[in-house]
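Descriptive analysis of the structure
Each chain, written out:
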Amino acid sequence: AVFFSERLIARGWAALALICIGLVAVAASAAPEAADVPDTGTKVGIVAAVVVLAVLGWLALRHGQDTRSAIALATVSGLAYGGAALAARLLASGDGTYLSGDGLLHLLADPMLYALIAYGALGLATFSAALQRGTVTTVAAVVVVAETVAPALAGIALLGDRAKPGLGVVAV
């Protein structure tokens, strides 16, 4: 907000405070155990989801220059950044061959690398477009929530992530 010369009203400060509290609560509730190895269908779904998000972003761009378009673009941006995090996690969950011998060939053959690049580019493009249509506070808040909640739910549903005992409610 400082860089865009926007003053935050009380509601904006409250929203930012709630987001920060929620992020700390989610981080504190995560259990430090190894996740499940995803099946091929999960990986295909993560790669295919970038196409779905790109279409949604394109539709939001065509919607106009109003606040609803900004929120839709910010949501797509946050989901894309979350998809990038999932793709990076799955890319890093390989067997370590990327760091030895013909590891570069293995890396270049991994679809998660291209999903990571596509998600990142989509997130950046839709974030920029959202900032052109809405206030920085609203756009940033929507992006942060989407990029945090969606990958956390995907981690629980698809990758075997768990909350610490007794903190499942906090994680959700």
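Treat the numbers as computed from the prediction; the structure is a model and nothing was measured. (Residues numbered from 1 in each chain as written. Predicted model: local features only at pLDDT ≥ 70, side-chain atom pairs only at ≥ 80, totals over all residues. Heavy atoms only, no water.)

Examining the side chain of S77
Rules: Helix and strand assignments follow DSSP, with helices taken as H or I runs no shorter than four residues and strands as E runs no shorter than two, numbered in order from the N terminus. Relative accessible area decides the class of each residue, using a 1.4 Å probe on protein chains only: under 20% of the type maximum gives buried, over 50% gives exposed, and in between gives partly exposed. Throughout, a contact is declared for two residues whenever any of their heavy atoms are within 4.5 Å.
The residue S77 is located in helix α3 (residues 67-92) in this model. Note on S77: relative accessible area 0%, which makes it buried. Those residues in contact with S77, other than ones at most four positions away along the chain, are G123, T126, F127 and V143.

Regarding helix α2 (residues 40-63)
Rules: The span one expects for a helix is its residue count, reduced by one, times 1.5 Å.
Between its first and last C-alpha atoms α2 spans 35 Å; for 24 residues at 1.5 Å apiece the expected length is 34 Å, and the two agree. Looking one or two places after α2, you find G64, whose phi comes out positive at around 135 degrees.

Here's the deal with the nonpolar core
Note the following rule: The definition of a nonpolar core used throughout is a set of buried Ala, Val, Leu, Ile, Met, Phe, Trp, Tyr and Cys residues joined through side-chain atoms within 4.5 Å.
Within the largest apolar cluster, 17 residues are counted, with the highest numbers of intra-cluster contacts made by I46, L53, M112, Y119 and L122. Listed by contribution, the elements that provide at least two residues to this core are α2, α3 and α5 (111-133). A per-element tally of this core places α3 first, with 7 residues. Other than its neighbours up to four places away in sequence, I46 contacts L86, L90, M112 and Y119. If you look at the next biggest cluster of nonpolar residues, it comprises 8 residues, including A70, L73, A129 and V139.

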